[in-house]
Structures are given as structure tokens and as C-alpha cells.
Amino acid sequence: MDTSPTSPPASAAARWKSFGSRERENLRKSLRKYRWLYIMLIPPLAYFVVFQYVPLWNAQIAFKDFRPLLGVWGSPFTGFDHFITFFHSYYFSELISNTLIFSFLKLFVGIPLAVILALALYETMFLRFRTIVQTIAYLPHFLSWVIMFGVLLMLLSPGEGLINAVIKANGGRPIAFLTSPEWFRFVVVASDIWKETGWSTIIYLAALMAIDPTLYEAAAVDGASRFHRIWYISLPGILPVVAVITMLRLGHILNAGFNQIFILYSLPVYSVGDIIDTWVYRQGILEFQFSLATAVGLFKGVIGLILVVVSNRLARRIGGAGLY
Amino acid sequence: MSKSLSKFFLIAVAAAMILTACGPTATPEATEVAVETEAPADVVTEEPTPVPMEPAELEIWVSGRVSEAGPPPEDWVAYQIIQDELLIDLELVLLPSSAGDQDTKINTAAASNSLPDLFFVSRDTLYDLVQVGLVAPVDDLLPLMPVRTETHYSDPNRNALVTFDGQMYGLPDPGQIPMTDGLVIRQDWLDALGLQAPTTLDDFMTVATAFTFDDPDGNGQADTYGFCAFIDGSGLSNMGLGPRFNFIYGAYGVAGVWNLNSADEFGLNARDPRFMEATQFIRSMVEAGVIDPDWPTLSKDDFRAGWKQGQCGIMSENFAALANRSNYAAFDENNPEGEWVVIPPPVGPYGDSSEGVIIQTARIYAVSQRAIDEGKGPAIARLLEWMATDGYMLMAFGEEGVNFNLDNNGYITLEGIDPELAWNTSAMQPLTQLANMVYIFTDVELQARYQSHTSLNGRTIEPLAFLAGFSEQPWTEATGSAIINPPANAADFTRFYSENLVQFVLGQQDLNEETWAAFLEGLDSLGAADLEAVAKQDLIDAGFLR
């Protein structure tokens, strides 16, 4: 029998065996070569399995009347009752609109501001100034919303707040920024931008750093102004990153920022501040309706998934590249 | 590559299984103990059958006496006594101080069927847990702790709070002393402006206006408010603006959320036109600017910081928060001439007045069904009985001779005690974090907890005198409202009620008969009428309505 490497194997089984053996050898080599990378991969994989995939099993309580004593599997099946309860709840439309308004405002105001700040920092010639500005801009990210609320109170309180003190000193009437439905959304979005914009610039700065510097040099030689360089090199260079970030954020469009709003909102502004997650906290967690809470969570997840898939297809169709 | 990924995925799954297997599980030994020590079904007899003392591990979640103090130290002498004398290995967890956070912690533990053996719980959450079978009836435990049952669980009103379908599902310890919060006014401001204490709502508005705009503290700045309050409402019995505004509703004869005068009259007070009038009065206070404008967002601590700084002229406040040495000190320092005095609740246009509602509360401890299934019932009863007897003084005041002494009349004294080790110092507060599990408001407790002291300008401040002053005022009995069970849409219902009232008061909505009717229609569309019907029957069954 001719067993030279160029000769075809006598049978499919032998061919498979030969192929498998070669693959196994390649795999062994690959494992040996990249063993430390694979070992580093284990903890995050374990995290995702334990905390992201295993809990998916429990999502079935969205379709059941969850009874802890009966367990997830043993609880009686109720179908879509909890979804219907949510859709028919008194404040459903208000919750959806509030959630979307906050999310879209944070998305479409927050991202451009972060990009602008990143461009400004990238373009500055004074490195020391850039470092100082970056540090100051990042700082609020590390403060909890509880502390931020204290800061906001000191600024915005109608009785003692700094801004209202200025308004009163100029003969104006104090504004109840935190309890006025007209102002509350502005305060939420502005405070979120204040807290997170600096931190968001990191990824755009990294994208800017990755742009080939010879492009800028060539443009400068050709007489392009700084604005032209930003417009024709920097912005197109980071556009894929902006698109990816936007798509990822769209997946969380029904997460409008529970921590922030839970701390900032109060009865006078529920009509413009109550979002899906704060409702779920009150109705699902505090009233012990975990099936309802899970149903709402599942609903949010499905909507997020649809948005990511659709926006990814759009991005690929329009820009030629997408998230996956 | 896909094969290698598959392998690593399998490895990750195996790791996950190992990790999840590390979680706590019931041991076979525990099950055996449960079978051996479970109380016999016929334990409820006149002569309780002595239960042999079996070692047990107990986990209890409690609300500490002082929210800002930590748990008892690991070398707390009580742990050793409980271990040696009661054969109980006690694990103690202090719950968060806010009611919402407490409910969250308990509900999430309940969802995973991992409630502790004994835990402090709000009445509404207890109701939810009873519905899903996670809380055990405690009737069988009562004969195992005769002294505690006599001193803690013999009040039929309190017991009604935890009774469902004829069985007690919680241990209702005495809650707050009733009638603890009342109206007080700055007498020094009245004197400075030459005013008399208000007796009617009109007077009240006049005085509040003067306190706001006539510089009663004489510092030349517009930094005072006639009235201070915050939204202190939660749950079905305290929805809306909450107890701090109840005296105004009381002036219109409609204090509180519910009308419990009789079975015929029972229902939401909001259905009474006088309730709208009272709301209009509060709105007029807001419009006149005599209330601290921050009131809708103030927390209790913020509110108290305000009057301690000297911003407030009239308020409804708790006697201990107002006059106990530790609380009064900051006010005294900022306002050495400041003097709070009790005033009667103002009389309204129809001749009514009420300080607020009396809702006799209980501090409820529930026993998890899991603990009973594991045979821990007798150990829980043993621990609670010890706390009410031999362990009482240790729980309430610390170690005798170290943290306190007793005088000849049996009252608590700090004579002969190292001041740093006195039971009521901040440093010693962790030692009495379980005191709320034993307090029954005896004279000894009241004298010890609310001691008189001297202000900076030499006046004697007597917290109990404020309590006595509040107690003398007219009040509206509403204990029954605590047993009204939340409807399935409780979150929406309470939000609608409270939000609308706040919007009416703040001027965010017009307030007239038409808008009020729309408000009531909204309540009905959320099931108010059904809620009233069910609640009425429950209250009649429990003996609160006739």
C-alpha cells in the first residue's frame, strides 16, 4: 500500500484518523504555545458561565408563579400572565417613554460630547494641560450616585443651593431643580454627562491614538487645516468605534440608569422620572413579585437583542462593518 | 480551534459546577436533629412539655437599636453565655436601617429560600412571605416561652397584626411607644416677636408667616422657616404626605389615610371633602413660602439637621429625637437661647383637632419555615425566653457593674461606672443592639433611655415631659390600618395616591373639586373600592371595626 503523504488514504475512516491525529498534534502544540493565554481565559469564562449563563435557567420564572418552596422548576406555569400584567399596568406607557427618553438623551448627547472632548484632548499641544483636564474629567466617574446627590443638593437645593443662591441674589425666584418636572430630566441627563463623559473619552482617545500618524503628516504637507484633519482623518478614524459603542449601548436602551434615578427621584417628579427599573424595584422586589420582575427583565433583554441585531445589520449595510 | 474552545468551555462549566457546589447545604446531621427535636404536635397544653435542650445553630437578622452603630463585637459576653447556657451557636446579622433596604434584603433571601431562622420583618413583607409559605406559624412556640409570651405577646391588637387565617405568623414585640411625635414651637421666637402660640389654623398661618419673614432669630438674614417637615409616608397606612402633616388633616377631622371611625364610615379619608380642604391649606402654606422649600426631597436626617441649625419655628417631631441629650446637643450649641415647647394641635374650621393617628405598631420577628422544618423552633423559643428573663438586663443595658448599676429603687444609674463604659455612650452602643428585642417600655427602661439633662443656659430638658405633653393632646385611633393588606398593584396604588397629593400641594396640579374627583376616579381605576371592601371585612374580622 502506498502510504506516501501525497497519496490518498485507502478509506474515509483512515483519512479521518490521519486527519484527526494531525489536528490533535496541532492542538497540542497550540495549547503548549499559548498555554498562559488559555489559562488567563479560564476565570472570565467561568464568570460568564456562573453569573451570566447559569442564571438563565432561572429566567423561566417569568412564565411561572414563582414559589420559593417549590423551586424554579416546580413553580406552577402561568404563561404570559406576568408580561400581560406589566403591559397593562397603570403606568406602563409612562415607564416606557421615560426610560426611552432618558436612554436616548444620554446616548445621543453623551456620545457626541465624549467624542468632542476626546478630540479636544487629543489635539491639545500642552500635555500637562491635557493630563490635568483628563484627571478632572475622570474624577466624577469614581464618585457614587449617593455622593453625587449630595453635591447636586448643595448646588441645586432651592433653600441652600449655590445656584439658587445666585438666582436669588440677582432677584430671581429659586428653582426647584430636583422636584420640578420641567427641570428633572435636564438634571438627570446633565449630571450623567458630568459624571461619565470624561470616563467615556478613554476609548475614543485610544481609537485616536491608533490612527496612523503619517496620515496627519501627509495632510499637513498638503496644507490641511487642523479642522480639516479632524474632519477628514480623526472622525472617520474613530467612526467604527463610535458605531460599535452606539450599538452596544442600544442593547441596553431600556436600562436608563437605575442607580442614578433611584437616588435622584422623588414623588413630585415620578411622572417624568419613574423608569422601568425603579418600577420593578417597587413592584417586583419590595412587593415580592419576582416572576413579574423577571418577566420585565426578559422583555428588556429581548428588546435590547432586537435593537443590537437590527443596528448591526444597518451598520454593516451602511458602513461595511459591524459588531460581529 | 473550535475543538479547543469546546474543551475550555467544558473546563469552565466544570469550574462553575465546583463553585456552585461550594454553596451552603443542609447537612444530614441537621436533618436528624430536626427529627429528634421537633416539638410534638400537641405541645399547646396548659403544662408545657419540657423539651430537652439540644445544641443548635441559629442565624438571626435584626434591626439594631442604633442604626449608626455596628454589631456587637465577636467577644461579646452574651455570645458565650448563649453558647454555654442555651447551647446555641448564634450568628447575628444587623439589617440595613431603612425599611426599603430591609425589605429588599429579606425578599431576595426569601426568593432563594434562604431566609434566616429568625428575622425582623415589616408587616407588609410578612404578609407576602406568609402567602408563599416561607414563614412558619408560631403558635406552637408560645408555650415554650411563657414569660416572654406574657410580657411581649399578650396584646390582642398587636397579635392581630400577625394573625392570618387564625394563626400567628410572627412574634409581635412591642413597637414604638404610641403618641411619640407631636407639634412643638420655638418659644424664644414667639417671645422675640411678641406672639402667642397658635390655637387655630389661622393663628398657625400667622405665626408661621412671622417666623419666616420677620427674622425671629434676629440675625438679619432670611434663613428661617415657619414650618419644617419632610415626606415621611410609606405603605398603605402612611401614604401621601405622611405623619408630619397629620395635624393639619386632623384639624379638618380627617387625620390619617383611613377612616376607621366605624364600619359604616370606613374608607379612604380622601373621599371626604374635608380632606381636599386640608390639602388646600397645606398648598396655601407652600404658596406663602412658610415651609422649608426643600421639604419634598428632605430625608429625616436632613430635616433634623435643619432644626438643629435653627431654621425651623414649628414642626412635628419625635420626643426623643428632639430632646435626648445626644440629639439636643447640636441644637443647643447653635441656639443657646432656643427653647422648644409643646403646643396643642390647632383647631380647624369645623372645630376638630388631632395631633395625628395612633397606629399601635409592633416590631415583628418571623420564624422561617425552614428553621421549623430543621427542628430549630425550641432553640428559637429558648433564646427569646432567655432574652426576656435572665438575659434581659444584658440585652437592654449591658453588663451590670460594667456598663450600668442599679440604684436602691431598681432604676438604672451610671454612678460608679467608668464614663467611657456607660451603656449609653456611642462606644458601648454595639453592646445593646438587640435591646429592641427586649424593651417593653417599663418605667426602668423609660427612665434610663430618656434621661433628663441640662442645656447650656441651665434649663432642664426632660424628654419624657415632651412625651407626656404629646400624650395629653387629642389623637385619632387608627391601629387597624396596620392590618390592611397590600393589593397586588400596591406600588402603583401608593404611588398614585402619594404623587397626586404632592402635586396638589406643590401646585403642579390644579386643586379644585373637578381635579379632586379625577384623583378619586384614578384611585378607583387602580382598585381603591375593591381594596376598601376587602380591608373592611378584614378589619371587622379582626375586631377593629364595628
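Bear in mind the structure is a predicted one, so any value in this text is a computation, not a measurement. (Residues numbered from 1 in each chain as written. Chains lettered and ligands numbered in written order. Predicted model: local features only at pLDDT ≥ 70, side-chain atom pairs only at ≥ 80, totals over all residues.)

What follows is about the overall build of chain A. The helix and strand inventory of chain A stands at 15 helices and zero strands. On the principal axes, the C-alpha backbone points of chain A span a range of 105 × 75 × 35 Å. Buried residues in chain A amount to 26% of all 324 residues. (Helix = DSSP H or I, 4+ residues; strand = E, 2+ residues; numbered from the N terminus. Buried ≥ 20, exposed ≤ 12 C-beta atoms within 10 Å, placed from the backbone.)

With 42 residues of chain B at the interface, the matching set in chain A holds 37 residues. Counting residues per element, the ones that place at least two in the side of chain B that touches chain A are helix 1 (2-21), helix 4 (99-111) and helix 20 (490-506) of chain B. Along the lines of polarity and charge, the residues of the side of chain B that touches chain A split into 21 nonpolar, 13 polar and eight charged. (Contact = placed C-beta atoms within 7 Å. Nonpolar A, V, L, I, M, F, W, Y, C, P; charged D, E, K, R; others polar.)

Let us look at the domain arrangement of chain A. Residue and element names in this part refer to chain A. Domain boundaries assigned for chain A yield domain 1 (12-74) and domain 2 (81-319). For domain 1 and domain 2, the distance between their C-alpha centroids amounts to 34 Å. With six residues of domain 1 at the interface, the matching set in domain 2 holds six residues. Looking at the side of domain 1 that touches domain 2 residue by residue, the class counts come to four nonpolar, no polar and two charged. (Domains from an automatic or database assignment.)

Let us now look at the sheet that holds strand 11 (residues 312-318) of chain B. All names here are of chain B. Reading across from one edge, 8-11-7-12 is the order of the four strands in this open sheet, with mixed pairing throughout. Either end of the sheet is taken by a strand with one partner, and the two such strands are strand 8 (225-228) and strand 12 (340-342). Neighbour to neighbour, the strand axes of the sheet diverge by 30° on average, direction disregarded. Pairing between strand 7 (residues 181-186) and strand 11: five bridges, direction antiparallel. From the neighbouring strand, I185 faces strand 11, where its bridge partner is I314. (Pairing = 2+ DSSP bridges. Axes fitted to C-alpha atoms, helices over the stretch in contact; angles between N-to-C directions.)

A few words now on the packing of helix 9 (residues 181-209) of chain A against helix 11 (residues 226-250) of chain A. All names here are of chain A. Between helix 9 and helix 11, the least distance of the axes is 9 Å, while the angle of their chain directions is 140°. The orientation of helix 9 relative to helix 11 falls into the category oblique. Viewed along their axes, helix 9 and helix 11 form a crossing whose handedness is right-handed. On helix 11, the residues that touch I203, Y204, A207 and L208 of helix 9 are S234, G237, I238, V241 and I245. When its residues are assigned to classes, the contact of helix 9 with helix 11 shows seven nonpolar, two polar and no charged. (Parallel < 35°, antiparallel > 145°, perpendicular 65-115°, else oblique. Left-handed = near helix turned anticlockwise from the far one by under 90°.)

Close reading of the predicted structure is inappropriate where its pLDDT is low. In the predicted model, chain B carries a mean pLDDT of 88, and 91% of its residues have values of at least 70. Ignoring residues within four places in sequence, the model shows residues 1-45 of chain B, a span with pLDDT below 50, making 48 contacts including any to other chains. (pLDDT = per-residue confidence, 0-100.)

All names here are of chain B. Residue L87 is not a glycine yet carries a positive backbone phi of 60°. You can see L87 is positioned in the loop between helix 3 (77-86) and strand 2 (88-94). Of note in this structure, M179 is not a glycine but carries a positive phi near 60°. For M179, the position within the fold is in the loop between strand 6 (171-174) and strand 7.

Turning to the nonpolar core, a few remarks are in order. Within the largest apolar cluster, 190 residues are counted, with the highest numbers of intra-cluster contacts made by F119, L126, F227, A366, I380 and L383 of chain B. Ranked by residue count, the leading element in this core is helix 20 of chain B, at ten residues. In this structure I380 of chain B touches L58, D117, L118, L141, V367 and A371 of chain B, once residues within four positions along its chain are discounted. Listed in part, the seven residues of the second largest apolar core include A114, A118, Y204 and I238 of chain A. (Core = buried A, V, L, I, M, F, W, Y, C linked by C-beta atoms within 7 Å.)

Bringing the confidence of the model for chain A into the picture now. Residue and element names in this part refer to chain A. On average, residues of chain A score 89 in pLDDT, and 94% of them reach the 70 mark or higher. Here helix 1 (residues 12-33) stands out as the least confident element of chain A, with mean pLDDT 77; helix 4 (residues 81-87) is the most confident, with 95. Long-range and interchain partners of residues 1-9, a stretch whose pLDDT sits below 50, account for five contacts in this model, where long-range means more than four residues apart.

A separate point is the domain arrangement of chain B. Accessible area lost during the coming together of the parts is what is often quoted as the interface size. Residues and elements named next belong to chain B. Domain assignment breaks chain B into domain 1 (47-174 + 362-395) and domain 2 (181-359 + 475-541). The C-alpha-based centres of domain 1 and domain 2 are spaced at 34 Å. Each partner contributes residues to the interface: domain 1 has seven residues there, and domain 2 has seven residues. Where the side of domain 1 that touches domain 2 is concerned, the elements lending two or more residues are helix 5 (123-131) and helix 7 (156-161). A per-class count over the side of domain 1 that touches domain 2 returns four nonpolar, one polar and two charged.

A few words now on the sheet that holds strand 2 of chain B. All names here are of chain B. If you walk across this open sheet you meet the five strands as 2-1-3-14-6, and the pairing is mixed. Sheet topology places strand 2 and strand 6 at the edges, where each strand pairs with a single neighbour. For this sheet, the mean angle separating the axes of adjacent strands, direction not counted, is 25°. Helix 16 (residues 377-388) contacts strand 1 (56-62), strand 2, strand 3 (118-121) and strand 14 (362-367) of the sheet and is inclined by roughly 60° relative to strand 1.

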